[in-house]
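# Observations on the three-dimensional arrangement
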Amino acid sequence: MHELSLAHGIVEQSIAAAERLRAARVVAVQLRVGRLAGVEAGALVFCYDIASQGTVLEGSRLEIIDVPLVVWCAHCLKEVELPGIQRLRCPTCDTLCGEIRHGRELEIASLEIEESDG
Ligand SMILES: [Zn+2]
């Protein structure tokens, strides 16, 4: 399953970040997921629970932050949000927008931790 290998990657990155922060326990991991990242959020959370077992992340929540699809319109000279990739045209001027600015993200935004004593 595609989501399982992604979940392992997220767990590895989160463990490394938790160590840098000297976290006693990780409460939650916030993950930014773009519309075009090709990730099914429910499946990813399920796989995260499996991948995090036996690590400092065990029992923590994986919180998905949806990142919309945003393209650059060279005519309007601004970023515009689109409902999907089926029609990459500016809703204002109908210009074809090939430059995707947001929507491919798959990155850890932040970690919610409990600090260790001392
Ligand atoms: Zn436009």
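In case you missed it, the structure is sitting above this.
Only a predicted model underlies this, so the values are computations on that prediction, with no experimental measurement involved.

## Overview of a nonpolar patch on the surface
Where nonpolar side chains cluster on the molecular surface, the patch consists of L4, F46 and I50 and spans about 270 Å² of accessible area. Inspection of the secondary structure puts F46 in helix α2 (residues 41-51). Look at F46 and you get exposed, because its relative accessible area is 52%.

## Focus on the pairing of strand β4 (residues 78-82)
With five bridges connecting them, strand β3 (residues 69-73) and β4 associate as antiparallel partners. Bridging across to β4, W72 finds its partner in E79. With antiparallel pairing between neighbouring strands as the criterion, β3 and β4 make up a hairpin whose turn holds four residues, including L77 at a positive phi of roughly 55°.

## With respect to the sheet that holds strand β6 (residues 106-115)
Within the open sheet, the three strands sit side by side as β2-β1-β6. Their pairing is mixed. At either end of the open sheet lies a strand with only one pairing partner, and these are β2 (61-67) and β6. When strand polarity is set aside, the average angle formed by the axes of neighbouring strands in this sheet is 20°. Sheet topology places strand β1 (residues 23-34) next to β6; nine bridges connect them, and they run antiparallel. The partner of R25 across the bridge, within β6, is E114. Along the sheet, helix α1 (residues 2-20) makes contact with β1, β2 and β6, crossing β6 at roughly 45°. Strands β1 and β2 of the sheet are contacted by α2, whose axis makes an angle of about 155° with β2.

Conventions used here
Residues numbered from 1 in each chain as written. Predicted model: local features only at pLDDT ≥ 70, side-chain atom pairs only at ≥ 80, totals over all residues. Heavy atoms only, no water. Patch = residues over 30% accessible without salt bridge, like charges linked within 9 Å, V, L, I, M, F, W, Y side chains within 5 Å. Areas by Shrake-Rupley, 256 points an atom, 1.4 Å probe, with all protein chains shown as cover. Salt bridge = Lys/Arg side-chain N within 4 Å of Asp/Glu carboxyl O. Helix = DSSP H or I, 4+ residues; strand = E, 2+ residues; numbered from the N terminus. Buried < 20%, exposed > 50% of the residue type's maximum accessible area, 1.4 Å probe, protein only. Pairing = 2+ DSSP bridges. Axes fitted to C-alpha atoms, helices over the stretch in contact; angles between N-to-C directions. Contact = heavy atoms within 4.5 Å.

Remember that the coordinates give geometry; whether it matters functionally is a separate question.
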